[in-house]
Amino acid sequence: MVMASRHDGPSLTAVPRSVPIASVCGRSIGALQPASTAQPPSQDSRADAPPRIAALDDDPAAVASMTAILSQSGFDVVPYTDAVELEMAARAMPFSAYVLDWYLGDRTAAPLIEALRRHPLSAGVPIFLLSGNLAVAGVPTDDALARIIGRYHVQYRAKPYSGVKLASDLRLALGERRG
């Protein structure tokens with residue numbers, strides 16, 4: 001669950017499960033264009049387009065909430081609940097940044113992060129990794145998570161976190177990258 005303080009503006013909180021995901025974020029979770037029809041945007045359209053962010057969480061309500069907040073903050077967010085679908089989409093047309101939950105069912109996001117870092121078009125793209133079960137005072141306590149963060153230059157955010165702060169951190173990371 002993602003939350004912020006009352007002084008922090010909008011927060012990423014779970015959407016009631018009775019609300020259809022499509023009504024929250026305007027598209028279905030994990031929807032992909034077939035690779036044969038996916039066209040990278042032209043250079044002209046990319047200059048004015050908002051940064052395209054992939055959001056991954058195995059909890060549809062959590063990814064819908066994250067998508068809503070980041071979309072309101074000016075990002076073009078594509079939500080996913082499946083790491084394999086996200087990886088296929090990233091191969092067809094890489095994203096400006098990735099926001100990933102660490103635990104995805106009974107697996108972690110480690111294989112996805114490794115695959116993204118191996119791909120030449122996403123090797124240097126900012127990756128934000130979120131987790132609520134593995135931190136003490138914001139510091140990860142899981143050795144595998146710590147290795148992934150260090151080895152692949154992943155930015156870690158402990159849950160609960162502020163959606164407004166995450167949007168700000170994404171902007172900063174994208175600005176530094178484009179700098």
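Counting of residues starts from 1 at the beginning of each chain's written sequence and follows it residue by residue. With the structure being a predicted model, the display of local features is reserved for residues of pLDDT at least 70 and the display and counting of side-chain atom pairs for 80 or more, all residues being used for whole-chain, interface and lining totals. Neither water nor hydrogens contribute to the side-chain values; these are computed over all heavy atoms in the structure.

### Quick notes on the sheet that holds strand β6 (residues 127-131)
What makes two strands pair is DSSP finding at least two bridges between them. Strands here are runs of E lasting at least two residues and helices are runs of H or I lasting at least four, both read from the DSSP assignment and numbered beginning at the N terminus. Pairing in this open sheet of five strands is parallel, and the strands run β2-β1-β3-β6-β9 from one edge to the other. For this open sheet the edge positions go to β2 (76-80) and β9 (155-158), each flanked by a neighbour on one side alone. Across the sheet, the mean angle separating the axes of adjacent strands is 20° when strand polarity is ignored. Examined bridge by bridge, β6 and β9 share four bridges and lie parallel to one another. Across the sheet, residue L130 finds its bridge partner in β9, namely R157. By definition, residues are in contact when any of their heavy atoms lie within 4.5 Å. Axis geometry follows a simple rule: fit a line to the C-alpha atoms, using only the stretch in contact for helices, then measure angles between N-to-C directions, giving values from 0 to 180 degrees. Contacts from helix α3 (residues 60-72) reach β1 (52-56), β2, β3 (97-101) and β6, with the element oriented near 175° to β2.

### Side note on the pattern of salt bridges
A pair is scored as a salt bridge if a Lys or Arg side-chain nitrogen falls within 4 Å of a carboxyl oxygen belonging to Asp or Glu. Tallied over the full model, the rule gives five salt bridges. A salt bridge links K159 to D57, with the shortest nitrogen-to-oxygen separation between them at 3.5 Å. Remark: D57 occurs in the loop between β1 and α3 and K159 occurs in the loop between β9 and α7 (163-178); sequence separation between them is 102 residues. For K165, the salt bridge goes to D169, with nearest N and O atoms at 2.7 Å. With K165 and D169 both in helix α7 and four residues apart, this pair spans about one turn of that helix. Residue exposure (1.4 Å probe, protein chains only): buried if accessible area is under 20% of the type maximum, exposed if over 50%, otherwise partly exposed. Look at D169 and you get buried, because its relative accessible area is 8%. Among the charged side chains, a network of salt bridges with common partners joins D57, D101 and K159.

### Comments concerning helix α5 (residues 110-118)
Listed as buried for α5 are A110, L112, I113, A115, L116 and R117. The secondary structure elements touched by the buried residues of α5 are β1, α4 (83-92), β3, β5 (107-108), β6 and α6 (143-152).

### A few points about the confidence of the model for the chain
On average, the chain scores 76 in pLDDT, and the residues at 70 or more come to 66%. Summary of the metric used: pLDDT quantifies the predictor's per-residue confidence within the range 0 to 100. Note on residues 1-45: pLDDT is under 50 here. Beyond four places in sequence and across chains, it has 77 contacts.

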